[in-house]
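Summary of structural features
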Amino acid sequence: MGIDTPMKDRVFKSVGTRPTRPDGIDKVTGRARYGADFNMPGQLHGSILRSPHAHASIKSIDTTKAEKLKGVKAVVTSKDFKTKGITDPDLLDIIDNCMASKTAYYDGHAVAAVAAVDAKTARAALKLIKVVYKKLKHVTDVDEAMSPGAPLINKKCFTQGVEPAPTKASNIAVRSEFGHGNVSEGFQQADIVIKRTYKTGQSHQGYIEPHACVASISPDGSGEMWVCTQGHFVFRQQCAEILGLDAAKLRVTSSEIGGGFGGKTHLWLEPVALLLSRKANRPVKLVMSREDVFRASGPTSTTSIDVKMGVTKDGVITAAEAELRYASGPYAGAWASYGAMTSFACYDLKNVKTVGLDILVNRPKTTAYRAPSAPMAAFAVESMIDELADRIDMDAIDLRIKNAAKEGTRSSYGPVYGPIGIGATLDAAKKHPHMKAPLGPNQGRGMACGFWFNFGGQSCTDLNISPDGTATLTFGTIDVGGARASMSLVVAEELGIPYDKVKAVIADTGSLGHNEMTDGSRGTFASSMSAIRSCRLAIDDMRQRAATMWDIDLDDVTWENGHAHAGGSSGSNHAPLSIADIAARAHKTGGPIAGHAQIVADGAGVSFATHICDIEVDPDTGQTRVVRYTVIQDAGKAVHPTYVEGQFQGGAAQGIGWALNEEYIYGKDGRLENPGFLDYRIPVCSDLPMIDTQILEIPNPNHPYGIRGVGETSIVPPLAAIGNAVSNATHVRMTQVPMSAPRILSAIHANKDSD
Amino acid sequence: MSVLVNSTINGDQYEFVCEPDETLLDALRDRVGMTGVKEGCGTGDCGACSITLDGALVCSCLVLGAEAEGRKIETVEGMSDGDKLHPLQTKFLEHAALQCGVCTPGFLIAAKALLEKNPDPSEEQVRYALAGNLCRCTGYDKIVRAVLAAAKQMRKA
């Protein structure tokens with residue numbers, strides 16, 4: 001068996017079981033340490049001053065009085081960030097976003113920071129900093145930002161991705177285009193063509209734990225940082241570049257993470273904490289308030305999307321076209337390109353064209369939010385699929401089944417699919433009892449499909465066998481919700497030992513090679529691939545040890561069920577050796593037993609889901625109630641099915657919140673009016689029903705166990721599934737998210753007026 | 001001027017000093033070291049800082065540290081009986097009712113307060129009793145199941 005051999009028809013012993021997670025007891029007893037739960041000796045408290053304006057040039061910042069306040073140990077502004085020599089435009093944007101240099105681009109943009117002996121003194125010092133602003137015209141709406149005469153946010157913004165390069169600056173930062181075939185010809189073949197515009201509000205990941213870190217840099221350039229992050233190795237690399245440190249000398253330890261969903265893939269306050277620490281030569285703790293999290297971390301894009309699709313009377317989609325306009329905050333992003341790539345990825349289309357436009361606005365810098373950019377595109381496309389089905393009098397699920405992508409389909413974004421699960425999720429949906437359940441008065445049923453790429457990338461793991469035969473897996477991707485359990489299951493499976501004889505530990509950056517983040521649904525996929533390789537290297541090592549112990553040829557030693565077995569003529573009289581037997585003699589056979597693996601995990605299998613939901617709409621108020629919700633998704637192989645269900649349910653709940661209520665609301669002054677959980681209301685327990693799940697397992701041929709990422713796809717279908725359900729309940733097509741009660745009510749009234 | 005406060009926390013006597021305008025949440029975390037009490041919002045909207053004060057469920061971010069003088073506080077740190085976990089803790093683990101776990105201490109305290117008042121709640125009663133606690137990971141499904149399962153087990157005991 002090769003080191004990465006996929007296992008066909010493997011019967012799993014550990015993988016697929018549902019043991020208690022190893023980090024669980026700490027989390028139910030209050031012992032687990034999150035970002036803000038950690039302190040360093042001699043630590044100072046940091047606080048950040050933020051712009052109250054949506055768009056303003058910074059004329060001057062006077063920090064003299066703050067610096068003189070007793071107890072203040074350091075004050076920093078953008079002048080303290082040394083950007084000379086940094087050429088990476090993304091990194092320069094990160095720095096400018098962490099601390100505004102010439103311009104405050106949004107309400108909440110950081111302009112100065114203080115470190116003091118306690119939080120109260122730090123806050124008092126902020127009030128002594130005098131910033132002179134010159135207010136500029138602002139724009140927060142994505143369509144307005146594209147219109148002629150809109151305030152120009154960055155005078156050096158010349159649209160990327162356009163040939164020849166434009167000579168006039170605009171708020172269109174990036175243009176991307178995907179597709180194949182000829183859409184004009186495709187539309188001519190259609191019997192029905194529909195064109196619509198859809199809009200989605202800006203939502204936030206809404207993790208319950210605000211960003212927090214404790215940073216310490218010594219004058220010799222070495223430092224350490226404790227931080228809640230989805231990727232401590234990436235944070236280390238970027239912080240080292242920003243501060244001009246050697247990455248190896250900055251040791252970053254990830255805390256337990258209180259939710260991230262993409263929002264903790266980005267630096268917000270960490271470079272500021274490091275800078276304050278360097279200036280004060282003391283450790284500095286920085287914790288965001290909830291208001292800061294909403295105003296100044298990275299929500300998703302608000303969007304405006306045009307879709308045009310054509311279908312024949314017998315249900316063949318002949319052409320599909322979309323222009324997707326995504327707000328990226330004040331800095332260029334690739335968010336619209338993800339929308340453009342994912343929008344039609346569920347379907348087998350001869351003629352398809354998508355154009356993504358990233359638009360600068362005076363809102364916080366957009367960051368990843370679970371399958372970033374895909375839910376909005378799916379809202380537009382899946383809403384239109386329902387409408388097309390209605391127009392040709394075909395069941396919406398049958399239209400989807402008829403046009404679903406399959407193995408060999410050239411995807412709308414380029415690659416040709418291998419074995420995929422869209423057809424299987426649709427078939428399962430069609431057969432699901434939910435589809436046939438009766439609906440009550442004012443209730444509507446909706447369904448929608450969703451796609452996410454999934455990513456792989458760099459992972460690195462150490463597998464160490466203890467002298468007693470137990471195993472420690474050291475890995476480098478953050479555990480956002482069960483990774484230590486699933487990694488332990490994988491190691492137990494591969495070594496053939498019980499789950500409770502494995503300890504999975506997340507390394508700090510000083511203990512392991514570079515690992516990419518827990519994002520792109522890559523954590524379990526990529527780290528398990530590396531862990532399996534580590535185990536197989538250790539098994540090879542243990543076979544060699546057994547051969548030495550038995551004094552037989554290596555080729556005569558096989559590995560089965562956690563034991564070395566002697567085979568061939570030379571070894572038939574030897575009783576099998578367990579890992580504990582071999583480990584006990586390690587000191588005589590070559591020292592500690594270990595397997596170190598480092599990989600670029602290619603072949604993350606794409607992921608598909610189909611959701612079904614029933615929504616009740618009060619026709620007098622527009623108030624909605626989620627009556628029933630079902631998630632069907634392909635997991636490749638569910639390592640810990642309970643936590644896979646948890647991912648399905650959690651993504652669906654976030655999508656429900658986004659669909660029905662969540663939205664950044666900006667006033668005319670460009671200031672965020674709802675930076676708190678009272679007014680940015682995420683779903684609470686009484687808002688939701690149980691969320692049923694069905695896990696499908698269509699193995700990913702590129703992973704030894706068939707694993708696909710499962711974390712993100714579940715947020716893709718809900719916006720459209722709910723939109724379709726509300727539309728079916730009210731007989732009014734909903735085209736704007738969130739479908740809040742007033743918005744639904746006005747749609748119902750507008751429809752009545754037009755009747 | 002700091003305030004000296006005497007409280008009973010998880011059955012033990014504590015004496016701590018806090019500022020007059022300091023929240024009980026900050027006092028518990030920074031003065032007493034009970035960091036199982038979490039801050040998610042600081043405005044009483046998320047329930048991560050839930051504790052009981054003389055048996056009443058409160059957000060500790062909305063109470064001043066000084067108000068705890070002479071009162072009984074229960075936090076997640078006091079839920080288990082020695083090395084024996086509370087049935088709610090056990091059921092939360094069995095049902096995977098936590099993913100990131102940062103909201104868990106608040107949910108456990110709120111659920112315990114519910115079951116002390118109503119040992120046999122319906123699903124709907126659980127959902128409304130826990131509506132002041134935000135969880136962004138689970139969609140609440142497994143939390144509600146864990147609370148119902150714990151209630152069932154506690155009724156048998």
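Residues numbered from 1 in each chain as written. Chains lettered and ligands numbered in written order. Predicted model: local features only at pLDDT ≥ 70, side-chain atom pairs only at ≥ 80, totals over all residues. Heavy atoms only, no water.

1. Here's the deal with the overall build of chain A
This is how it is decided: By the criteria applied, helices consist of DSSP H or I runs no shorter than four residues and strands consist of E runs no shorter than two, each listed in order from the N terminus. Two things to know: the radius of gyration comes from C-alpha atoms, and the globule rule equals 2.2 Å times the number of residues to the power 0.38. The classification of residues rests on relative accessible area computed with a 1.4 Å probe and restricted to protein chains. Under 20% of the type maximum is buried, over 50% is exposed, and intermediate values are partly exposed. Any two residues whose heavy atoms approach within 4.5 Å at even a single point are treated as in contact. To measure how exposed things are, a 1.4 Å probe is used in the Shrake-Rupley method; for residues, cover is taken only from the protein chains shown.
For chain A, the helix and strand inventory stands at 22 helices and 27 strands. A compact globule built from 755 residues would reach a C-alpha radius of gyration of about 27 Å, and chain A, at 27 Å, matches this within 12%. With respect to the three principal axes, the spread of C-alpha positions in chain A is 90 × 75 × 55 Å. Put simply, chain A has 755 residues, and 64% of those count as buried. Put simply, of all contacts in chain A between residues at least 6 apart along the chain, 79% involve residues at least 24 apart. Per element, the accessible surface of chain A, about 27,500 Å² overall, is 49% carbon and sulfur.

2. A look at the sheet that holds strand β1 (residues 3-9) of chain B
Residues and elements named next belong to chain B. Let me state the cut-off plainly: A pair of strands is treated as paired once DSSP finds two or more bridges between them. As a rule, the C-alpha atoms of each element are fitted with a line to give its axis, helices using only the stretch in contact, and angles between N-to-C directions run from 0 to 180 degrees.
If you walk across this open sheet you meet the five strands as β2-β1-β5-β3-β4, and the pairing is mixed. The open sheet has two edge strands with one neighbour each: β2 (12-18) and β4 (56-59). Ignoring which end each strand starts from, the neighbouring axes of this sheet average 40° apart. Pairing geometry for β1 and β2, over seven bridges, is antiparallel.

3. As for the interface of chain A and chain B
Interfaces are often sized by the accessible area lost when the parts come together. Selection criterion: Buried area: the accessible surface (1.4 Å probe) lost by two parts on joining, summed over both. We define a salt bridge as a contact between a side-chain nitrogen of Lys or Arg and a carboxyl oxygen of Asp or Glu at a distance within 4 Å. Two N or O atoms count as a polar contact when they lie within 3.5 Å, although within protein this holds only if one can serve as hydrogen donor and the other as acceptor, and sequence-adjacent residues are included solely when both atoms are side-chain atoms. For this classification, Asp, Glu, Lys and Arg are treated as charged, while Ala, Val, Leu, Ile, Met, Phe, Trp, Tyr, Cys and Pro are nonpolar and the rest, including Gly, are polar.
Chain A puts 50 residues into the contact, and the matching count from chain B is 43 residues. Across the chain A/chain B interface, buried area totals approximately 3,800 Å², and carbon plus sulfur atoms make up 59% of it. Three residues stand out in chain A for area buried against chain B, namely Val-28, Cys-685 and Met-690 of chain A, and they jointly supply 20% of the buried area on that side. In this structure, the connection of chain A to chain B is made through six salt bridges. The salt bridge involving Lys-120 of chain A is made with Glu-19 of chain B; its shortest N-O contact spans 3.4 Å. Inspection of the chain A/chain B interface yields 23 residue pairs in polar contact (both at pLDDT 80 or more). If you list the elements that add at least two residues to the side of chain A that touches chain B, you get α1 (24-28) and α20 (641-660) of chain A. Residue composition of the side of chain A that touches chain B, by class: 25 nonpolar, 17 polar and eight charged.

4. Comments concerning the side chain of His-432 of chain A
All names here are of chain A. Topologically, His-432 is positioned in the loop between α13 (422-431) and α14 (433-436). By relative accessible area, His-432 is classed as buried at 13%. One polar contact links the side chain of His-432 to the main-chain amide nitrogen of His-434, over a distance of 2.9 Å. The contact partners of His-432, leaving out residues within four places of it in the chain, are Ile-612, Arg-628, Thr-630, Ile-632 and Gln-694.

5. Looking at the packing of aromatic side chains
Residues and elements named next belong to chain A. What counts here: Any two rings among Phe, Tyr and Trp, with Trp reduced to its six-membered ring, count as a pair given centres within 6.5 Å; such a pair is stacked if its planes are under 30 degrees apart, edge-to-face if over 60, and tilted if neither. Either the NZ atom of lysine or the CZ atom of arginine qualifies as a charge over a ring when it sits within 6 Å of the ring centre and within 35 degrees of the ring normal.
Scanning the entire structure with this criterion turns up 24 aromatic pairs over all chains. Judged by centre distance (5.1 Å) and plane angle (85°), the ring pair of Tyr-413 and Phe-453 falls under edge-to-face. One end of the pair, Tyr-413, is in the loop between α12 (396-403) and α13; the other, Phe-453, is in the loop between β16 (443-452) and β17 (457-465), and 40 residues separate them in sequence. The exposure class assigned to Phe-453 is buried, which follows from its relative accessible area of 9%. Summarising the aromatic geometry, the rings of Trp-452 and Phe-455 are spaced 6.1 Å apart at their centres and angled 85° between planes, so their arrangement reads as edge-to-face. Assessed through its relative accessible area of 1%, Trp-452 is described here as buried. Classification of Phe-455 as partly exposed rests on a relative accessible area of 36%. Each member of the aromatic cluster is reached from another via a ring pair, and the members are Trp-335, Tyr-338, Tyr-413, Tyr-417, Phe-451, Trp-452, Phe-453, Phe-455 and Phe-608. A cation sits over an aromatic face here: Lys-308 above Phe-187, 4.3 Å from the ring centre.

6. Some thoughts on the domain arrangement of chain A
Residues and elements named next belong to chain A. Where we set the bar: Each domain span listed reflects an automatic or database assignment of domains.
Here chain A is described as being made up of domain 1 (41-136 + 209-258 + 264-296), domain 2 (303-454 + 605-754) and domain 3 (456-601). On a C-alpha basis, the centres of domain 2 and domain 3 stand 40 Å from each other. Listed as interface residues are 16 residues of domain 2 and, on the opposing side, 16 residues of domain 3. Overall, the association of domain 2 and domain 3 removes approximately 1,200 Å² of surface from exposure, summing both partners, and the carbon and sulfur fraction of that is 66%. Broken down residue by residue, the surface that domain 2 buries against domain 3 is led by Val-639, His-703 and Tyr-705, which jointly contribute 40%. For the interface between domain 2 and domain 3, the tally reads zero salt bridges. Along the contact surface separating domain 2 from domain 3 lie six residue pairs in polar contact (both at pLDDT 80 or more). Class assignment for the residues of the side of domain 2 that touches domain 3 results in seven nonpolar, eight polar and one charged.

7. A look at the environment of Lys-199 of chain A
Residues and elements named next belong to chain A. The residue Lys-199 is located in strand β8 (residues 192-200) in this model. Look at Lys-199 and you get partly exposed, because its relative accessible area is 30%. Along the backbone, Lys-199 and Leu-324 are 125 residues apart, and their C-alpha atoms lie at a distance of 9.9 Å. Non-local contacts of Lys-199, meaning those with residues more than four positions away in its chain, are made with Asp-143, Thr-303, Ser-304, Phe-379, Thr-735, Gln-736 and Val-737. Separated by 2.5 Å, the side chains of Lys-199 and Asp-143 make a polar contact.

8. Looking at the domain arrangement of chain B
All names here are of chain B. Segmentation of chain B into domains returns domain 1 (3-77) and domain 2 (87-156). For domain 1 versus domain 2, the separation of C-alpha centres amounts to 21 Å. For the domain 1 and domain 2 pair, buried surface summed over both sides reaches about 950 Å², with 64% attributable to carbon and sulfur atoms. Looking at the side of domain 1 facing domain 2, the largest losses of area belong to Cys-46, Leu-57 and Val-76, adding up to 41% of the total buried there. Run the count over domain 1 and domain 2 and you get one salt bridge. Between Glu-74 and Lys-112 there is a salt bridge whose closest N-O contact spans 2.8 Å. One can count five residue pairs in polar contact (both at pLDDT 80 or more) joining domain 1 with domain 2. Class assignment for the residues of the side of domain 1 that touches domain 2 results in five nonpolar, five polar and three charged.

9. Brief notes about the packing of helix α2 (residues 87-94) of chain B against helix α5 (residues 141-156) of chain B
Residues and elements named next belong to chain B. We apply this condition: Any angle from 65 to 115 degrees is called roughly perpendicular, while one under 35 is roughly parallel, one over 145 is roughly antiparallel, and all others are oblique. For any helix crossing, the convention is left-handed if the near helix is rotated counterclockwise from the far helix by under a right angle, and right-handed if that rotation is clockwise.
Packing of α2 against α5 leaves a shortest axis separation of 8 Å and a crossing angle of 135°. When the axis of α2 is compared with that of α5, the two are oblique. Pair α2 / α5 crosses with right-handed handedness. On α5, the residues touching Pro-87, Leu-88, Lys-91 and Phe-92 of α2 are Ile-143, Ala-146, Val-147, Ala-149, Ala-150, Gln-153 and Met-154. Tallied by class, residues from the contact of α2 with α5 come to nine nonpolar, one polar and one charged.

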